[in-house]
Amino acid sequence: MKQKYFSGTSVIIGKPNVGKSTIINKLINSKISIVSKKKHTTQSNITGIMNIGLQHQLIYIDTPGISKKYVYKNQNKTFRNTMALMHSIQFIFLILEKTSWTNEDEYILNIVKKYLKPIFAIINKIDKIKSKEHLLPHILTLSKKHMFQEIIPISGKTGENIHILSKVIQNKLKIVPKPTFPFDLKTNLDIKSIVSEIIREKLILYLGDELPYSIQVSTKNIIDRNIKTSYIEAVISVNNTQHKKIIIGCKGKKIKLCGSLARKALEKFFNKSIYLSLKVIKKNKTL
Ligand SMILES: Nc1nc2c(ncn2[C@@H]2O[C@H](COP(=O)(O)OP(=O)(O)O)[C@@H](O)[C@H]2O)c(=O)[nH]1
Ligand SMILES: [Mg+2]
């Protein structure tokens, strides 16, 4: 008899900073998407894969936050990319923050409900809700906004209730003739992209609001020197000399510190010693 597979893709959407990336990392138990206090950290759609046994594959897509002002300008490529996904996914996880429901949430709901896919309202950051008795009336209010499949309170940070997200879709998966991704993958990102994202996260963390949004990190080489050590070479591209100065800092102090934070995070990720070489260049200039 032919082997059957079950698969389903959920897109994780919401305003910036509601915890979308934290949730995908927790779901697949691996850091594939950048988390930060700064808005608009996630720049592209990132796929996380959760395999259950050898037949069930739950695919999650983390997306950049949707912001009314960017959509209005209609020049937002990331928004268009997210919307392009809507036809091929099965479930929508609309991430909301604590007991709030804002105009932006309403706006996002109105956009995504047009795709007629089941929408789950996910109330994130419940660890920050002081009086839990506010939760129930909020759930009631939400249930009047839309026929949500379910309304689920969770904490991406502590992991509370996170398993419910996979449970609710597990018996709604569709039968597919072959797995969408190989069963040993956790993400479709290649290893160089993951390394670049880890470095970008540390730059955001350390440079905060000073950091220009336009920077790009690109990992050029990952060379295994031996089983215990790898050499990684990455390039940070910036738009102009001013941005370059910001990142390098006085006597190279900033880039050194960011490099050291990134190296530690990479050592944790690879579980080996890392020698990290970071270069800052102006865009369109080859090395
Ligand atoms: N207390 C708390 N903080 C959270 C939770 N989820 C995310 N955060 C924090 O919220 C901020 C934004 O998270 P992030 O995942 O980058 O949000 P995104 O922009 O929606 O992807 C970060 O500082 C996270 O640590 C949560 O469940 N509880
Ligand atoms: Mg994010």
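The rules behind these values
- Residues numbered from 1 in each chain as written.
- Chains lettered and ligands numbered in written order.
- Predicted model: local features only at pLDDT ≥ 70, side-chain atom pairs only at ≥ 80, totals over all residues.
- Heavy atoms only, no water.
- UniProt positions renumbered as here; feature names shortened; annotations may be inferred.
- Phe/Tyr/Trp six-rings, centres within 6.5 Å; stacked < 30°, edge-to-face > 60°.
- Helix = DSSP H or I, 4+ residues; strand = E, 2+ residues; numbered from the N terminus.
- Buried < 20%, exposed > 50% of the residue type's maximum accessible area, 1.4 Å probe, protein only.
- Domains from an automatic or database assignment.
- Buried area = accessible area lost by both parts, 1.4 Å probe.
- Salt bridge = Lys/Arg side-chain N within 4 Å of Asp/Glu carboxyl O.
- Polar contact = N/O pair within 3.5 Å; in protein donor to acceptor, adjacent residues only side chain to side chain.
- Nonpolar A, V, L, I, M, F, W, Y, C, P; charged D, E, K, R; others polar.
- Contact = heavy atoms within 4.5 Å.

If you look the chain up in UniProt, it shows as GTPase Era from Buchnera aphidicola subsp. Baizongia pistaciae. UniProt's Function comment on the chain is quoted here verbatim: "An essential GTPase that binds both GDP and GTP, with rapid nucleotide exchange. Plays a role in 16S rRNA processing and 30S ribosomal subunit biogenesis and possibly also in cell cycle regulation and energy metabolism." The UniProt entry for the chain carries the following comment under Subunit: "Monomer."

## Observations regarding the packing of aromatic side chains
How two aromatic rings sit relative to each other is set out by the distance from centre to centre and by the angle between their planes. Following the criterion strictly, the structure yields six aromatic pairs and no others. Aromatic side chains F93 and F120 sit 5.4 Å apart centroid to centroid with 85° between the ring planes, which places their arrangement in the edge-to-face category. One end of the pair, F93, is in strand β4 (residues 91–97); the other, F120, is in strand β5 (residues 119–124), with 27 residues separating them in the sequence. Both residues of the pair, F93 and F120, belong to the buried class. Here Y231 and Y275 contribute two aromatic rings whose centre-to-centre distance is 5.5 Å and whose plane-to-plane angle is 15°, an arrangement assigned as stacked. In this pair, Y231 sits in strand β9 (residues 229–238) while Y275 sits in strand β10 (residues 273–282), placing the two residues 44 residues apart along the sequence.

## Section: the domain arrangement of the chain
Here the chain is partitioned into domain 1 (5–176) and domain 2 (191–282). Centre-to-centre, using C-alpha coordinates, domain 1 lies 29 Å away from domain 2. Taken together, both faces of the contact between domain 1 and domain 2 bury some 1000 Å²; the carbon and sulfur share is 50%. The largest contributions to the domain 1 side of the interface with domain 2 come from I34, K38 and Q43, which together make up 57% of the buried area. Between K31 and E201 there is a salt bridge, with its nearest N and O atoms 2.9 Å apart. Counting the contacts that link domain 1 with domain 2 gives two residue pairs in polar contact (both at pLDDT 80 or more). When grouped by side-chain class, the residues that make up the side of domain 1 that touches domain 2 number three nonpolar, four polar and three charged.

## A closer look at the environment of I24
Mapping I24 onto the fold places it in helix α1 (residues 20–28). Classification of I24 as buried rests on a relative accessible area of 0%. In this structure the C-alpha to C-alpha distance between I24 and I49, which are 25 residues apart in sequence, comes to 9.3 Å. Discounting residues that sit within four places of it in the chain, I24 has contacts with I12, I32, S33, I46, T47, G48, Y60, I61 and D62.

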